[in-house]
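An overview of the molecular structure
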Amino acid sequence: MTRTITIDGVTRIEGHAKITIHLDESGKVCDAQFHVTQFRGFEKFVEGRPLTEMPGIMARICGICPVSHLMAAAKACDDILAVDIPPTADKLRRIMNLAQMVQSHALSFFHLSSPDLLFGMDGDPLRRNIFGLIREHPDFARDGILLRKFGQDVIALLGGKKIHPAWVVPGGVNAPLTEDKRDAILKEIPAAMARVNRALDYFHQVENRYPAEVDAFANFPTHFAGLVNPEGLLEHYDGAMKFVDHQGFPIAELGRNDQRHYGALIGEAVEKYSYLKFPYFKPQGYPAGIYRVGPLARLIVAERCGTVNADKELGVFRTRLGRAPQSSFHYHWARLIEILYGIEMIQRLLQFPDILNTHIRSRARPNRLEGVGISEAPRGTLIHHYKIDENGLIRWANLIIATGHNNLAMNLGVRQVAERFVDAEHLSEGMLNRVEAVIRCFDPCLSCSTHALGQMPLRIELCRADGEVCDVLQRD
Amino acid sequence: MYCNEINATIPPVETLVIGYGNTLRADDGAGPAVIEKLTSILPRRLAQKVQLLSCGQLTPELAVDIAPCQRIIFIDASMALPAGSISINPVQEECGAVLMGHYSTPGTVLAMARSAFGAHPHAWVAAIGCQSVEISDKLTPRVATAVDRLARHVYHAIARWSKGQTFLPEMLPNSEPALKAI
């Protein structure tokens, strides 16, 4: 008798999804799929809208990480205007993008994943949550809340509000940074640094408790992709998109000025069971061209970070795990290193003498009918591609979202962890939590990736060979 | 240590009003609309004692803003209430087995503020019944009227609290006094 276990939907991620695990007649896992079950279709309904509205509209894809879409949309518009934005605007956009990464990584690590790490994958679910964390590790929990607030406050100071700031515009930004706001951010840097350093100390204590999870959480060879700057260093805003193989050797690069040709390297496949597209490395075809993006991929692709403390921590990371660790469990550590980097880099950018300059926007009419913007969202590389008509109205749009790049890897990861941990005869909560936890390593944002909205409950179905559901586990 | 740290960095205010909802989904934007209205009507002497926040949804770090306050009013839209009606109730903390993700409720944020930062504010959630949550940046007329009414009521509560008077905001009168009379 073959059976299917369905986890519908997966918890502690953003958006709606379910997982099905198919069992063969001997009760062993024979297949697993990660289904994204929501749909919104931003690419379609922006058709006919003026180009200048795109950053504002695209930021609405997600109420949690609007800044990333704001950046990619504005860069695609810059490309259509054919302008180089003023250097001060470039730095200000970078600061906001890094602040977004800090707040997003803080939420992912502290609120969503650390309960598993600190209480164990088999820990009591009544305890294994944010309130359990506050009760038993209060300083750690408060650090997470305050780190996220740091990132949100930087966004609000720059953009006027935390959610959907309209400050990033085609050609630059629409208001300069004032001295008092700069000083307000700089004042918070030491405390933010102390918080992430304490989190790293915590992480070092618990990370080696999970050898089985390290071994089975999407631990297989894939390519990796991410932006790098001209020196090959970690980059989140603007640079070449670099692909490396599973050993970290470069295999392809999309230069900063070649980004409109991303289609030569990235194909997009569709599967019937999910609304989330399956991007793949085109030279290898589908599905062999599997690659990963996001914090772990960025640290593998980059030669180094380029800031003192993040590079020091990256050295520890590489000494322990090698140059290109394959287990997606290590996304957690990579996320903390990127928080450290983000805080250091925000400080560096704020100390540039021209950061208060008032020349912050280049103005032009559309000079091209097509533009591409690529930046790094917290979860990975984000691509916005627009085509306009002669009147400046959008006639076609394509978005490739970080969570989409990781879709193939998430599906294989679910299968791997199910094969290792799921015993169909004795289903346990901890077993199923591991299946979800491998997804949480990637911190998928399904609102972005399908451009839909929602939160994620959990449902698991166990089906016989004939497809009949014989058991269900549901969380709301 | 943390409460002192927070109190040192955030200017203490007596009352925090948080209006949340999606301003592109018609009446779901009622919460932010109340904040906008309050911003326009609060005189400076009261504004110094109040923090007004508008957001798309409640997020965990709001616990930090809540921590130093004496009173919190959450303002939300509700599909469960008749269109244009207003309901005000004390917030019940929610914790325990809550699986908190990217989305929070007044109860979870309040519980987080208490458990992480030792905060014990009085808290209420005021909800306005929606007529439409279709794609629009305009409120329906009945909800727009309710927004105006709730803003005046919250204004009245803030004014009374600022004079040291007891006022239970859940006691919503049929009509609010004119602003100049407050």
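It should be emphasised that the depicted structure is a prediction, and the values quoted were computed from it without experimental measurement.

Brief notes about the overall build of chain B
Across its full length, chain B holds six helices and five strands. Element order for chain B, N to C, with α for helix and β for strand: α-β-α-α-β-α-β-β-α-β-α. Burial status across chain B gives 52% buried among its 182 residues. Considering only contacts within chain B whose residues lie at least 6 apart along the sequence, 75% involve residues at least 24 apart. Of the accessible surface of chain B, which amounts to about 8000 Å², a share of 52% is contributed by carbon and sulfur atoms.

Some thoughts on the overall build of chain A
Scanning chain A for helices and strands turns up 15 helices and 16 strands. Among the 476 residues that make up chain A, the fraction classed as buried is 65%. Relative to all contacts within chain A whose residues are 6 or more apart in sequence, the contacts with residues 24 or more apart total 69%. Per element, the accessible surface of chain A, about 16400 Å² overall, is 50% carbon and sulfur.

Observations concerning the sheet that holds strand E13 (residues 380-388) of chain A
Residue and element names in this part refer to chain A. Ordered by their spatial adjacency, three strands build an open sheet running E12-E13-E14, and the pairing between neighbours is antiparallel. Every interior strand has two partners, whereas the edge strands, strand E12 (370-377) and strand E14 (394-400), have only one. When the angles between neighbouring strand axes are averaged without regard to direction, this sheet yields 15 degrees. Pairing analysis gives eight bridges linking E12 to E13, with the strands arranged antiparallel. From the neighbouring strand, Ser375 faces E13, where its bridge partner is Leu382. Strand contacts of helix H3 (residues 66-81): E12 and E13, with the helix running at about 150 degrees to E12, the strand carrying the most contacts.

Quick look at the nonpolar core
By size, the foremost hydrophobic cluster in this structure holds 139 residues, and its most contacted members are Ile343 of chain A together with Ile18 of chain B. Broken down by element, this core gets its largest block of residues, 14 residues, from helix H4 (residues 87-119) of chain A. Setting aside its immediate chain neighbours within four residues, Ile343 of chain A contacts Val102, Leu147, Phe150, Ile189, Ala192, Met193 and Val196 of chain A. Listed in part, the 31 residues of the second largest apolar core include Leu42, Ile75, Ile88 and Ala159 of chain B.

Here's the deal with the pattern of salt bridges
Side chains that differ in charge, positive against negative, can pair when their charged atoms come close. All names here are of chain A. Summed over all chains, the structure comprises 39 salt bridges over all chains. In this structure, Asp143 engages Arg198 in a salt bridge whose closest nitrogen and oxygen atoms are separated by 2.9 Å. Remark: Arg198 occurs in helix H7 (residues 179-206) and Asp143 occurs in helix H6 (residues 138-159); sequence separation between them is 55 residues. A relative accessible area of 2% places Asp143 in the buried class. The partner of Asp153 in a salt bridge is Lys149, and the shortest N-O contact between them spans 3.3 Å.

Here's the deal with the side chain of Glu213 of chain A
All names here are of chain A. Relative to the assigned elements, Glu213 resides in helix H8 (residues 211-216). Given the relative accessible area of 5%, Glu213 is considered buried. In terms of polar contacts, Glu213 uses its side chain to reach the side chain of Arg434, at 2.7 Å. Dropping the residues within four chain positions of it, Glu213 is found in contact with Met121, Ser327, Phe329, Phe421 and Arg434.

Section: helix H6 (residues 141-162) of chain B
Turn by turn, an α-helix covers 3.6 residues, leaving residues three or four places apart pointing in a common direction. Taking 1.5 Å of rise per residue, the 22 residues of H6 of chain B would be expected to cover 32 Å, and the 32 Å separating its terminal C-alpha atoms lies within 8% of that figure. Immediately beyond the C-terminal end of H6 of chain B, within one or two residues, lies Gly164 of chain B, with a positive phi of roughly 80 degrees.

Focus on the confidence of the model for chain A
Looking at chain A as a whole, the pLDDT averages 87, with 87% of positions reaching at least 70. Between residues 447-458 of chain A, whose pLDDT stays under 50, and residues either more than four places distant or in other chains, the model counts 72 contacts.

Topic: the sheet that holds strand E5 (residues 122-129) of chain B
All names here are of chain B. In spatial order, the strands read E2-E1-E3-E5-E4; together these five strands make up an open sheet with mixed pairing. Because the sheet does not close on itself, it has two edges, and the strands there are strand E2 (50-55) and strand E4 (86-90). Averaged over all adjacent pairs, the angle separating strand axes in this sheet is 15 degrees, with direction ignored. Bridge analysis of strand E1 (residues 15-20) against E2 gives six bridges, and the strand direction is parallel. Each bridged residue has a counterpart across the sheet, and for Ile18 the counterpart in E2 is Leu53.

A short note on the confidence of the model for chain B
Residues and elements named next belong to chain B. Summary statistics for chain B give a mean pLDDT of 84 and a share of 84% for residues scoring 70 or more. The lowest-confidence element of chain B is helix H1 (residues 2-9), averaging 46 in pLDDT; the highest-confidence one is strand E3 (residues 71-78), averaging 96. Note that residues 1-8 has pLDDT below 50 and, in this model, 15 contacts with residues that lie over four places away or in other chains.

Regarding the packing of H6 of chain A against H7 of chain A
All names here are of chain A. Relative to each other, H6 and H7 sit at 150 degrees, their axes nearing to 9 Å. For the element pair H6 / H7, the angle class is roughly antiparallel. Every pair of crossing elements has a handedness; the one defined by H6 and H7 is left-handed. Every residue of H7 that contacts H6 at Phe140, Asp143, Leu146, Leu147, Phe150, Val154 and Leu157 is listed here: Lys181, Ala184, Ile185, Glu188, Ile189, Ala192, Arg195, Val196, Arg198, Ala199 and Tyr202. Class assignment for the residues of the contact of H6 with H7 results in 13 nonpolar, no polar and five charged.

Some details on unusual backbone geometry
Here the bond from Tyr286 of chain A into Pro287 of chain A is cis, since omega is 5 degrees, no more than 30 degrees from zero. Along the chain, Pro287 of chain A falls in the loop between strand E10 (278-281) and strand E11 (291-292). Positive phi is not limited to glycine here, since Ala82 of chain A has a value of about 60 degrees. In this structure, Ala82 of chain A sits in the loop between H3 and H4. Located in the positive-phi region is Ala26 of chain B, a residue other than glycine, with phi close to 50 degrees.

Here's the deal with helix H5 (residues 106-117) of chain B
Residue and element names in this part refer to chain B. Here H5 contains twelve residues, and its C-alpha end-to-end distance of 16 Å stays within 8% of the 16 Å for a straight helix at 1.5 Å per residue. Across the twelve residues of H5, ten count as buried, placing the element largely inside the fold. What H5 keeps buried is the set Pro106, Gly107, Thr108, Val109, Leu110, Ala111, Met112, Ala113, Ala116 and Phe117. Where H5 ends, the next residue or the one after it, Gly118, has phi of about 70 degrees, a positive value.

Details of the pairing of E13 of chain A
All names here are of chain A. Summarising burial for E13: eight of the nine residues are buried, a large majority. Between E12 and E13, which pair antiparallel and follow one another directly, the connecting turn spans two residues. Note: E13 against E14, six bridges, orientation antiparallel. Across the sheet, Ile388 pairs through a bridge with Ile394, a residue of E14. Turn length for the E13-E14 hairpin, with the two strands adjacent in sequence and antiparallel, is five residues, and the turn residue Gly392 shows positive phi of about 80 degrees.

The rules behind these values
- Residues numbered from 1 in each chain as written.
- Chains lettered and ligands numbered in written order.
- Predicted model: local features only at pLDDT ≥ 70, side-chain atom pairs only at ≥ 80, totals over all residues.
- Heavy atoms only, no water.
- Helix = DSSP H or I, 4+ residues; strand = E, 2+ residues; numbered from the N terminus.
- Buried < 20%, exposed > 50% of the residue type's maximum accessible area, 1.4 Å probe, protein only.
- Contact = heavy atoms within 4.5 Å.
- Areas by Shrake-Rupley, 256 points an atom, 1.4 Å probe, with all protein chains shown as cover.
- Pairing = 2+ DSSP bridges.
- Axes fitted to C-alpha atoms, helices over the stretch in contact; angles between N-to-C directions.
- Core = buried A, V, L, I, M, F, W, Y, C linked by side-chain atoms within 4.5 Å.
- Salt bridge = Lys/Arg side-chain N within 4 Å of Asp/Glu carboxyl O.
- Polar contact = N/O pair within 3.5 Å; in protein donor to acceptor, adjacent residues only side chain to side chain.
- Expected span 1.5 Å × (residues − 1).
- pLDDT = per-residue confidence, 0-100.
- Parallel < 35°, antiparallel > 145°, perpendicular 65-115°, else oblique.
- Left-handed = near helix turned anticlockwise from the far one by under 90°.
- Nonpolar A, V, L, I, M, F, W, Y, C, P; charged D, E, K, R; others polar.

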